[in-house]
Amino acid sequence: MAANRVGLFLVFILFLFSFLVQPSSGDTLESTADNTEKEHSVSGALREVKAGGDDLNERQWQSTDVGMDEGDVTKDNEFFRPATAKDQFQEELVIRPLHSGDIYASFQFRTLWDTDFLQEGKKVSHYRLFPKSLGQVLSKFSVQELHISFTQGFWRTMQWGQPFIPSPPGAELWVWFHHTVSDVDGNWKELTNVLSGIFCASLNFIDSTNTVQPSASFKPLGVGNASDHRFLRYATLPREIVCTENLTPWKKLLPCGSKAGLAVLMKSEKLFHSSFHSQSVHIRPVCQDVQCTNTAWELRQNLNVVFDLYTSGQGKKEWSLFKMFSRTLTEACPLASSSKVYVDITDNPEGEMFDLSPATPLLSQAVVLGDRRTYSVYDLTKAETFGQTRSLNLLLRWKEDSGDMLRPLLHAERYVAGFGLQTGEIHTVIYNNHPYRAFPVLLLDSVPWYLRMYIHTLKVTSKFRDNKPSYTHYQPSKDRQRPHLLEMLIQLPPHSMTEVTVQFERALLKWTEYTPDPNHGFYVGSSVISALVPSMVAMDTNFTQQQPLFSSFFPVKEESSYFMRVYTEPLLVNLPTPDFSMPYNVICLTCTVVAVGYGSFYNLLTRTFQVDEPSPPLAKRLANIIRRIRGVPLLI
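Treat the numbers as computed from the prediction; the structure is a model and nothing was measured. Residue indices follow the written sequence of each chain, beginning from 1 at its first position. A pLDDT threshold of at least 70 governs which residues receive local features in this predicted model, and a stricter bar of 80 or more applies before side-chain atom pairs are shown or counted, although totals over entire chains, interfaces and linings include all residues. In computing side-chain properties, one takes all heavy atoms of the structure into account and sets aside hydrogens as well as water.

A. Representation of the overall build of the protein. A run of DSSP states H or I qualifies as a helix once it reaches four residues; a run of E qualifies as a strand once it reaches two. Both are numbered from the N-terminal end. A tally of regular secondary structure across the protein gives ten helices and 26 strands. Counting all 636 residues of the protein, 45% fall into the buried class. Carbon together with sulfur atoms contributes 55% to the accessible area of the protein, which is approximately 34,000 Å² in total. The buried label applies to any residue whose accessible area, calculated with a 1.4 Å probe on protein chains only, is under 20% of its type's maximum; exposed applies above 50%, and partly exposed to all values in between. Every accessible area reported is derived by Shrake-Rupley at a probe size of 1.4 Å, with residue values counting cover from the shown protein chains alone.

B. Local environment of the sheet that holds strand β18 (residues 451-462). With antiparallel pairing, five strands are arranged side by side in an open sheet as β15-β16-β22-β18-β19. The open sheet has two free edges, formed respectively by β15 (410-417) and β19 (465-466), since each of these has just one partner strand. Strands pair, by our definition, only if DSSP identifies at least two bridges between them.

C. Spatial organisation of the pairing of β15. Bridging between β15 and strand β16 (residues 423-432) involves eight bridges; their strand directions are antiparallel. Bridged to R414 within β16 is T428. In textbook terms, the turn of a hairpin is the stretch between consecutive antiparallel strands, and for β15 and β16 this stretch comprises five residues, one of which, G418, has a positive phi near 115°.

D. Broad picture of the pattern of salt bridges. Put simply, a salt bridge is a Lys or Arg side-chain nitrogen that is within 4 Å of an Asp or Glu carboxyl oxygen. For the coordinates displayed, the defined rule picks out 13 salt bridges. R239 serves as the salt-bridge partner of D517, at 2.5 Å between the closest nitrogen and oxygen. Placement of D517 in the loop between β22 (496-506) and β23 (522-524) and of R239 in the loop between β6 (232-237) and α6 (244-252) is noted, with a sequence separation of 278 residues between them. The class of R239 is partly exposed, set by a relative accessible area of 35%. We note a salt bridge from R414 to D445, for which the minimum N-O separation is 3.1 Å. Of this pair, R414 sits in strand β15 while D445 sits in strand β17 (residues 439-447), placing them 31 residues apart in sequence. Residues joined in a network through salt bridges with shared partners are R110, R284, E298 and R300.

E. Representation of the state of the cysteines within the structure. When the sulfur atoms of two cysteines come within 2.5 Å, that pair is taken as a disulfide. Applying the stated criterion across every chain yields a total of two disulfides. Between the sulfur atoms of C256 and its disulfide mate C333 the distance is 1.8 Å. Handedness of the C256-C333 disulfide follows from its S-S torsion of about 70°: it is right-handed. Of this pair, C256 sits in the loop between α6 and α7 (268-271) while C333 sits in the loop between α8 (321-325) and β10 (338-344), placing them 77 residues apart in sequence. Of the two residues, C256 and C333, neither departs from the other in class, the shared state being buried. Across the disulfide, C287 is cross-linked to C292 (sulfur-sulfur distance 2.0 Å). Taking the torsion about the S-S bond as the criterion, the C287 to C292 disulfide, at about -70°, is left-handed.

F. Main features of the side chain of D379. As for its position among the elements, D379 is in strand β13 (residues 371-379). For this count, His and the chain ends are skipped, Lys and Arg are scored as positive, and Asp and Glu as negative. Of the side chains with opposite charge, K382 lies nearest to the buried D379, which makes no salt bridge, at 4.3 Å. By definition in these notes, contact holds between two residues if any of their heavy atoms fall within 4.5 Å. Non-local contacts of D379, meaning those with residues more than four positions away in its chain, are made with S339, K340 and T385.

G. Representation of unusual backbone geometry within the structure. With an omega dihedral of -5°, the bond running from S357 to P358 counts as a cis peptide bond. Counting through the fold element by element, P358 comes out in the loop between β11 (354-357) and β12 (363-368). The phi angle at R390 is positive, at roughly 55°, despite the residue not being glycine. Looking at the element boundaries, R390 is found in the loop between β13 and β14 (395-398).

H. Region of interest: the sheet that holds strand β24 (residues 528-534). Judged by pairing direction, the sheet is antiparallel, and its five strands sit side by side in the order β20-β21-β17-β24-β25 without closing on themselves. Because the sheet does not close on itself, it has two edges, and the strands there are β20 (471-475) and β25 (561-567). In this sheet, adjacent strand axes meet at a mean angle of 15° when their direction is disregarded. Judged from the four bridges that link them, β17 and β24 form a sheet pairing that is antiparallel. In the strand pairing of β24, L442 is matched with S530. Angles run from 0 to 180 degrees between N-to-C directions of axes, and those axes are lines fitted to C-alpha atoms, restricted for helices to the stretch in contact.

I. Quick look at the nonpolar core. Residues enter a nonpolar core if they are buried and are Ala, Val, Leu, Ile, Met, Phe, Trp, Tyr or Cys, with the set joined through side-chain atoms within 4.5 Å. If you look at the biggest cluster of nonpolar residues, it comprises 89 residues, and the most contacted ones within it are F199 and L329. Here L329 is in contact with G261, L262, V264, L265, L321, V341, L380, F386, R390, S391 and L392, once residues within four sequence places are set aside. Counting 34 residues, the second-largest nonpolar core is a separate cluster that includes I426, Y514, I529 and V573.

J. Summary view of helix α3 (residues 132-141). Within α3, the full set of buried residues consists of L134, G135, V137, L138 and F141. Seen end-on, α3 carries its buried residues on one side only, within an arc spanning 160°. Contacts from the buried residues of α3 go to β3 (143-152), β4 (170-177), α5 (184-199), β7 (276-287) and β8 (295-307). With its phi angle positive at about 55°, S142 sits one or two positions after the end of α3. The directions considered for the arc are those from the helix axis to the C-beta atoms.

K. Representation of the environment of L138 in the model. Along the chain, the position of L138 falls in helix α3. Among the residues examined, L138 registers a relative accessible area of 0% and is labelled buried. Along the sequence, L138 and I283 sit 145 residues apart, while their C-alpha atoms lie 9.2 Å from each other.

L. Structural view of helix α10 (residues 618-630). With 13 residues, α10 should cover 18 Å at 1.5 Å per step; its first-to-last C-alpha distance of 19 Å lies within 8% of that length. After α10 finishes, the residue G631 shows a positive phi value of roughly 80°. Here a helix's expected span is defined as the number of its residues, less one, multiplied by 1.5 Å.

Spatial relationships are all this shows, so hold off on functional conclusions.
Structure below.
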């Protein structure tokens with residue numbers, strides 16, 4: 001009974017306690033009303049954003065920095081009021097028929113954001129169009145400019161002309177850090193590891209042995225007068241293989257991904273079944289107006305691909321979006337303020353070379369690489385572009401073979417000469433095809449430390465005469481620490497061939513420093529040639545806000561010339577390689593000797609010997625069996 005009373009008393013105490021801590025009905029209704037009010041506010045904001053996305057004619061979305069003041073919320077209409085947009089996105093596709101019968105397609109994606117990652121005390125936490133992963137990288141490592149490219153194949157300048165944005169085979173990375181960075185090498189090492197994870201590449205193999213600090217070749221392409229090359233780092237991985245795992249994270253950086261807009265054409269199966277493929281990311285600060293009173297961060301994502309007529313297996317000169325990409329265009333990216341497709345018709349003014357359908361009345365002219373080009377423009381933000389089928393499939397049908405292509409004004413080649421595995425010679429040949437103009441070029445060579453260059457053998461000749469460089473910067477290598485760096489300013493005579501030669505000696509590596517396939521050889525990165533090439537077309541202005549994206553990446557400093565960067569082929573050099581099969585042979589011989597010698601000796605020491613008596617004959621055994629049955633003593 002006492003136990004029951006104690007239990008009832010405890011139950012009563014618990015019931016009384018729960019009744020005392022329970023809120024009143026008025027408080028509950030007030031809390032519910034507040035929650036309902038917040039839900040209406042948020043749902044109103046979501047409805048407004050959704051309405052902006054459904055309206056294709058309205059391309060200015062809500063601001064990146066969304067805030068709510070007390071005056072923005074009223075009793076009758078409670079929702080977030082979007083401010084003026086501070087970021088915008090543009091996308092373009094340029095299709096250029098080449099004289100070889102191939103098709104050059106270049107995707108250009110541009111994101112502008114009016115913010116400052118490097119401002120002290122400012123922490124950017126809200127991202128809308130600009131990728132958050134890249135924004136955090138810029139802020140954490142104080143990056144002023146970042147340029148990275150992944151290329152599979154080599155651009156054939158003599159057959160295809162000049163690309164819009166050049167890139168060397170493999171991976172290339174060059175970064176300008178902010179002048180407030182104290183440990184540039186530490187930031188560079190961490191940055192390469194982070195970018196390796198973002199783009200799923202082997203950038204973590206970039207270290208001091210393949211990193212250089214150019215003094216004149218790579219100037220900032222954005223706003224700023226950075227001239228201290230201590231904050232610049234440049235590295236290449238010529239053996240980097242580009243595949244789908246690099247393209248997937250690259251597409252995820254786009255605001256619409258690969259679900260809408262021009263990015264729907266990026267099908268990996270088609271892109272990598274081509275003669276040339278290159279994807280790049282460029283981040284830099286740019287001006288927002290002519291006076292450059294305000295600056296913004298610009299993110300450019302470029303993808304260049306060349307479709308070969310013969311490797312595609314089509315058998316005839318007829319191209320379309322569906323044949324190239326296995327898809328057609330149905331809509332523009334809803335977040336894009338501009339979405340256009342350009343088709344180069346400069347060599348086809350009257351339609352005598354090829355037919356382009358569907359036809360468009362919109363034409364555009366732009367100065368690209370010193371030449372005035374004419375383009376047919378398809379605006380994807382207009383409904384009439386898609387027609388009644390709500391699909392755009394450009395068809396290009398050749399009528400006759402194109403004429404010979406004009407030789408590029410500047411191109412270069414590179415190769416290794418010599419015999420044996422001790423010494424060799426690197427030859428870099430630069431061609432100036434201008435008939436009467438001479439111009440200077442800046443040559444950059446980065447050679448690994450295991451090719452020991454003899455700088456006293458450096459020789460520059462033009463038209464069989466010595467051509468002394470007006471500027472030379474050479475940094476010798478250190479074994480297993482840093483590569484060679486050679487920069488020269490060379491004057492190219494008109495219509496000439498200039499050859500740069502330097503001898504080297506091959507070093508003998510440690511056996512742990514060889515690659516898994518040492519007999520394949522070791523790659524040496526491409527030479528970089530930068531120049532202001534004379535142009536026949538004068539640029540009216542340096543402001544490129546209203547020009548197509550593919551014509552406004554490199555700044556123009558003079559009206560009579562344009563900037564060009566040319567990359568040579570990477571080199572494949574054989575080094576003295578030991579016979580890596582010899583350790584295997586030694587191990588096999590040693591194991592055989594040990595097994596035979598030691599095994600026999602151990603067997604003699606551990607085996608026990610017993611006398612084996614011969615078995616009785618068959619007749620005697622049968623007699624013993626019969627005797628055992630009869631109970632008679634057995635025979636001995």
